Amino acid sequence: MLSHIQQHLADHPWCDRVHWYAEIGSTNDLARQMACEGCPSGTCILAGKQTDGHGRMGRSFSSPDGMGVYLSCILRPNCKPEQLMHLTCAAAVVAADAVKDAAGIDCSIKWTNDLVVGTKKLGGILTSLQIDPNTGLVSAAILGIGINCLQSKGDFPPELRDMATSLAMHAKRCDPAALSAALIRRLQQMDGQLREKKQIMASYKDRCVTLGKEVSWLAGDTLHHGTALALDENGGLVLQLSDGTTKIAAVG
Ligand code: BTN
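No experiment lies behind these values; they were computed from the predicted model shown. (Residues numbered from 1 in each chain as written. Predicted model: local features only at pLDDT ≥ 70, side-chain atom pairs only at ≥ 80, totals over all residues. Heavy atoms only, no water.)

Draft legend 1. Geometry of the overall build of the protein. The helix and strand inventory of the protein stands at five helices and eleven strands. Considering only C-alpha atoms, the protein reaches an extent of 55 × 50 × 30 Å along its principal axes. When each of the 252 residues of the protein is scored for burial, the buried share is 49%. A fraction of 63% describes how many contacts in the protein between residues 6 or more apart in sequence connect residues 24 or more apart. The distance from the centre of the 24 positive side-chain charges to the centre of the 25 negative ones in the protein is 4 Å. (Helix = DSSP H or I, 4+ residues; strand = E, 2+ residues; numbered from the N terminus. Buried < 20%, exposed > 50% of the residue type's maximum accessible area, 1.4 Å probe, protein only. Contact = heavy atoms within 4.5 Å. Lys, Arg positive; Asp, Glu negative; His and termini not counted. Charge placed at Lys NZ, Arg CZ, Asp CG, Glu CD.)

Right, here's the structure in full:
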């Protein structure tokens with residue numbers, strides 16, 4: 001698999017920074033560890049299978065063998081954490097663009113971190129930052145992307161069957177190696193533009209299907225209901241609540 005991905009990345013500056021594992025707990029967990037050990041920016045970790053793939057709020061991410069792309073990329077933006085509040089949105093734009101490049105499909109983004117086709121989940125994003133305690137600057141940004149590629153409906157666990165989808169269910173071409181390489185190319189482009197928040201948020205907004213919809217939002221122990229009106233500059237969702245007030249749901 002590694003050689004297939006690298007064939008698609010010939011001459012790419014990150015070609016030798018790709019690490020592939022047949023089986024791993026979570027690519028994000030290994031990425032955090034490798035970032036602490038000093039790996040270079042652009043290091044990408046991919047796995048054939050994850051036994052502990054996870055998403056936001058402690059949810060698991062189904063990562064069966066050979067069925068999807070499970071990738072974590074380490075960037076070293078060396079800026080203040082406040083400048084990267086939109087990181088999850090940036091990774092979602094990367095993933096949607098790479099899906100278009102490799103499979104020809106226009107997927108959408110469900111705020112904050114779900115890739116969807118129609119109403120069904122195609123994949124998800126999980127990002128985190130490491131901060132240098134001496135400088136307060138970001139020493140590493142981890143961008144984790146999981147995309148369902150080859151599953152048929154029956155390959156998903158029964159509880160996900162009506163909610164999940166894969167590229168194979170929509171696209172004529174869906175080669176995981178080609179998608180992995182497309183993601184790495186798009187990640188490298190994003191690395192150079194990460195501070196261009198306005199442009200990134202405009203691309204995110206173009207793909208976001210949540211605006212105008214009724215949403216429920218858990219803040220602490222309280223469940224709020226409202227209409228999604230807009231996105232703020234950091235990817236926060238501006239909601240109009242039923243009592244007429246507005247609130248911003250921050251990116252978690
Ligand atoms: C979500 O659905 O809430 C986010 C899912 C993110 C899954 C990807 S797969 C690669 C990386 N490793 C993980 O454990 N999670 C991310």
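Draft legend 2. Representation of the nonpolar core within the structure. Grouped together as the largest cluster of nonpolar side chains are 64 residues, with contacts concentrated most on Ile-147, Leu-167, Leu-179, Leu-183, Ile-184 and Tyr-204. The dominant element in this core, judged by the number of residues it contributes, is helix H3 (residues 87-103), at 13 residues. With residues up to four places along the chain from it excluded, the contact list for Leu-167 reads Val-99, Ala-103, Ile-105, Leu-122, Ile-147, Asn-148, Cys-149, Cys-174 and Leu-179. Core analysis: the second largest hydrophobic core is formed by eleven residues, Met-34, Ile-45, Ile-74 and Ile-142 among them. (Core = buried A, V, L, I, M, F, W, Y, C linked by side-chain atoms within 4.5 Å.)

Draft legend 3. Representation of the sheet that holds strand E4 (residues 108-110). What the seven strands build is an open sheet, ordered E1-E2-E3-E7-E6-E5-E4; its pairing is mixed. Single-partner strands in this sheet number two, and they are strand E1 (18-24) and E4. The mean inter-strand angle of the sheet, taken between neighbouring strand axes irrespective of direction, is 25°. Strands E4, strand E5 (114-117), strand E6 (120-131) and strand E7 (138-148) of the sheet are contacted by H3, whose axis makes an angle of about 140° with E6. (Pairing = 2+ DSSP bridges. Axes fitted to C-alpha atoms, helices over the stretch in contact; angles between N-to-C directions.)

Draft legend 4. Up close: the site of the ligand. Taken together, the neighbourhood of the ligand is formed by 18 residues, with Ser-26, Thr-27, Gln-50, His-54 and Lys-121 sitting nearest. Taking Ser-26, its side chain carries an N or O atom lying 2.8 Å from an oxygen atom of the ligand. Separating an oxygen atom of the ligand from a side-chain N or O atom of Lys-121 is a distance of 2.5 Å. Considered on its own, the ligand offers 410 Å² of accessible surface; in the complex 97% of this is hidden by protein. If one sorts the elements of the shell around the ligand by residue count, E6 sits on top with four residues. Residues of the shell around the ligand, tallied by class, amount to five nonpolar, eleven polar and two charged. (Near = heavy atom within 4 Å. Polar contact = N/O pair within 3.5 Å; in protein donor to acceptor, adjacent residues only side chain to side chain. Areas by Shrake-Rupley, 256 points an atom, 1.4 Å probe, with all protein chains shown as cover. Nonpolar A, V, L, I, M, F, W, Y, C, P; charged D, E, K, R; others polar.)

Draft legend 5. Region of the structure containing the side chain of Gln-130. When you line up the elements, Gln-130 lands in strand E6. According to the relative accessible area criterion, Gln-130 is buried, its value standing at 14%.

Draft legend 6. Here's a closer look at the environment of Ser-41. With respect to the helices, strands and loops of the structure, Ser-41 is situated in the loop between helix H2 (27-36) and strand E2 (43-50). Note: C-alpha distance between Ser-41 and Val-99 (58 residues apart in sequence) is 23 Å. For Ser-41, the residues in contact, after removing those within four places along its chain, are Trp-14, Arg-17, Ile-74, Leu-75, Arg-76 and Asp-191. From its side chain, Ser-41 meets the backbone nitrogen of Arg-76 in a polar contact 3.2 Å long.

Draft legend 7. Highlighting the packing of H3 against helix H4 (residues 176-193). Relative to each other, H3 and H4 sit at 135°, their axes nearing to 8 Å. As far as their axial angle goes, H4 and H3 are oblique. For H3 against H4, the interelement crossing comes out right-handed. Residues Ala-90, Val-93, Val-94, Ala-95, Asp-97, Ala-98, Val-99, Asp-101 and Ala-102 of H3 lie in contact with H4, whose contacting residues are Ala-178, Leu-179, Ala-182, Leu-183, Arg-186, Leu-187 and Met-190. (Parallel < 35°, antiparallel > 145°, perpendicular 65-115°, else oblique. Left-handed = near helix turned anticlockwise from the far one by under 90°.)

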